[in-house]
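Here are the chains, one letter per residue:
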Amino acid sequence: GGQKQLLNLASIMVMQPEVLILDEPTAGQDFKHYTEIMEFLVELNKQGITIIMITHDIAEAISMSDRVIVFSNRPAKIKKIYNIAYLTGGFLFSF
């Protein structure tokens, strides 16, 4: 579960990467573990680590990101790039 996922992330951090690419890092987690994982990722990002996260949860992507790239079709094509600026009480999207 969530503790295993955090352990996996922590073991990767020993290598001091500049970029993490994560595929559905919160898939199958309950709310407690979801929150722990996302808080850990936010802290890593504050330390200057770039995080690229693949997710089907657009709300998760928007709430945790400053840029969201939406792909569609196969082969994957960029459908839209959203630059997100945080405002008090909400988000501002620029296209």
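Each value, and the rule that gives it
Residues numbered from 1 in each chain as written. Predicted model: local features only at pLDDT ≥ 70, side-chain atom pairs only at ≥ 80, totals over all residues. Heavy atoms only, no water. Salt bridge = Lys/Arg side-chain N within 4 Å of Asp/Glu carboxyl O. Helix = DSSP H or I, 4+ residues; strand = E, 2+ residues; numbered from the N terminus. Buried < 20%, exposed > 50% of the residue type's maximum accessible area, 1.4 Å probe, protein only. Contact = heavy atoms within 4.5 Å.

**Remarks on the pattern of salt bridges**
Pairing of side chains with opposite charge becomes possible as their charged atoms draw close. Per the counting criterion, the structure on display carries 1 salt bridge. Lysine 32 is the partner of glutamate 36 in a salt bridge, and the nearest nitrogen-oxygen pair spans 2.9 Å. A residue pair is termed a helical-turn pair when its members lie 3 or 4 positions apart in one helix, as glutamate 36 and lysine 32 do in helix H2 (residues 31–46) at 4 residues. Assessed through its relative accessible area of 24%, glutamate 36 is described here as partly exposed.

**With respect to the environment of isoleucine 51**
Inspection of the secondary structure puts isoleucine 51 in strand S2 (residues 50–54). The spatial distance from the C-alpha of isoleucine 51 to the C-alpha of serine 65 is 9.1 Å, given a sequence separation of 14 residues. With sequence-adjacent residues up to four places away left out, isoleucine 51 is seen in contact with Leu20, Leu22, Leu41, Leu44 and Asn45.

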